[in-house]
Amino acid sequence: MAASRVLQNAKVLLPVLCRVSRDSSSSASVSPTKHRVQHYLYNSFYDIEAIINWSVRFKQWNLRRKNAHYAYTERLYGKYVAAAYYTLSQRGGVRFQGHKDWYRADRRGKFSWDFLEHKEVPVECIDLSRSPLTFRGLDNIVSLKELRELYLNNCPHLDDWALSRLHVFKDSLEVLSIAGCPSITERGLATLHHLQNLRYLDLSDLSSVTNKGLIRILMEEVLPKCEIVGINYFDGDQRKSSHNELQN
């Protein structure tokens, strides 16, 4: 945010600095020190813009890297181990079928490699909450036909397009939590009608979803066997509510 503000200010000030620089060159009253300062600022703003552009490109590259498909691991160890390895690498958690204990990464991102012993055991539960999961990153888990629980809370890059890929779990998924995902809208929620086996759906704190009361009714219509939490019938259009509060 700070970098973007600097760039915005730079774009506004550059024409001014150009004019000042031209005026100063034709005016003998401007001191050499002031002229050097103006020249330095003029060049520095270009440097700042280059740094910001590089930073944006690096962040995009890093996001793609974190969501790369672990295809090599899948070929060597199978889809269950590959999915578990990807999840743990994102500091998430995974549970295998027939087991009560979760494999989870610690605060430093370290985890036990004992999950390699479950090469032939289906993955039943995955927790990728707070991860940089994107549409591409879902390549690592969409082959898990036995997946019953999926937790995607507070994933900043999870959008409607990514949410639409969850239809592959229509025969198995029973629990889904997408609470706190800022990029999900009504369009993404509409794609969940495929998940007819869902029994629990958490839609808490979806800031981009408006008319939550209406969405609650519609979701109950398309998923009649599912318990929907996080929104209620009395939640209205957030933008209208905020506008009314400002007027009052």
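Nothing here was measured: the structure is a model prediction, and the numbers come from that model. (Residues numbered from 1 in each chain as written. Predicted model: local features only at pLDDT ≥ 70, side-chain atom pairs only at ≥ 80, totals over all residues. Heavy atoms only, no water.)

Caption draft 1: Representation of the pairing of strand 1 (residues 93–96). Judged by which residues are buried, strand 1 turns out to be covered on both faces: Gly 93 and Arg 95 on one side and Val 94 and Phe 96 on the other are all buried. Taken together, the two bridges between strand 1 and strand 2 (residues 103–104) define a ladder with antiparallel strand orientation. Counted as the bridge partner of Gly 93 is Arg 104 from strand 2. Connecting strand 1 to the antiparallel partner strand 2 that follows it, the hairpin turn spans six residues, and Gly 98 within it adopts a positive phi of roughly 85°. The pairing of strand 1 with strand 3 (residues 123–127) spans four bridges and is antiparallel. (Buried < 20%, exposed > 50% of the residue type's maximum accessible area, 1.4 Å probe, protein only. Helix = DSSP H or I, 4+ residues; strand = E, 2+ residues; numbered from the N terminus. Pairing = 2+ DSSP bridges.)

Caption draft 2: Spatial organisation of helix 7 (residues 212–222). Here helix 7 has its buried residues at Lys 212, Gly 213, Ile 215, Arg 216 and Met 219. Buried residues of helix 7, seen end-on, are gathered within an arc of 160° and therefore sit on one face of the element. (Arc of directions from axis to C-beta.)

Caption draft 3: Local environment of the nonpolar core. One finds Leu 150, Leu 158, Leu 176, Ile 178, Leu 189 and Leu 201 to be the most contacted residues of the largest nonpolar core, which totals 49 residues. Among the elements that make up this core, the one with the highest residue count is helix 4 (residues 79–89) (six residues). Not counting residues within four places of it along the chain, the set of residues in contact with Ile 178 comprises Leu 152, Asn 153, Leu 158, Leu 163, Ile 184, Leu 189, Leu 192, Asp 202, Leu 203 and Leu 206. (Core = buried A, V, L, I, M, F, W, Y, C linked by side-chain atoms within 4.5 Å. Contact = heavy atoms within 4.5 Å.)

Caption draft 4: A look at the pattern of salt bridges. Summed over all chains, the structure comprises eight salt bridges. Residue Arg 148 pairs with Glu 124 through a salt bridge whose shortest N-O separation is 3.5 Å. Taken together, the positions of Arg 148 in the loop between strand 3 and strand 4 (149–151) and Glu 124 in strand 3 put the pair 24 residues apart, joining distant regions of the chain. Overall, Arg 148 belongs to the partly exposed group, its relative accessible area being 26%. (Salt bridge = Lys/Arg side-chain N within 4 Å of Asp/Glu carboxyl O.)

Caption draft 5: The sheet that holds strand 2, seen in detail. The seven strands are arranged 2-1-3-4-5-6-7 in an open sheet whose pairing can be described as mixed. One side of each edge strand has no neighbouring strand; the edge strands of this open sheet are strand 2 and strand 7 (227–229). Here strand 6 (residues 200–202) runs beside strand 7; their pairing, made up of three bridges, is parallel. Paired with Tyr 200 across the strands is Glu 227, a residue of strand 7.

Caption draft 6: Region of interest: the packing of aromatic side chains. Summed over the entire model, instances satisfying the criterion amount to 11 aromatic pairs. Between the aromatic rings of Phe 96 and Tyr 103, the centroid separation amounts to 6.0 Å while the plane-to-plane angle is 85°, which identifies the pairing as edge-to-face. Relative to Phe 115, the ring of Trp 113 has its centre 5.7 Å away and its plane inclined at 25°; by these criteria the two rings are stacked. Overall, the relative accessible area of 48% leaves Trp 113 in the partly exposed class. The class for Phe 115 is buried, based on a relative accessible area of 0%. The side chain of Arg 104 reaches across the aromatic face of Trp 102, ending 4.7 Å from its centre. Positioned over the ring face of Tyr 233 is Arg 216, at 4.9 Å from the centre of the ring. (Phe/Tyr/Trp six-rings, centres within 6.5 Å; stacked < 30°, edge-to-face > 60°. Lys NZ or Arg CZ within 6 Å of the ring centre and 35° of its normal.)

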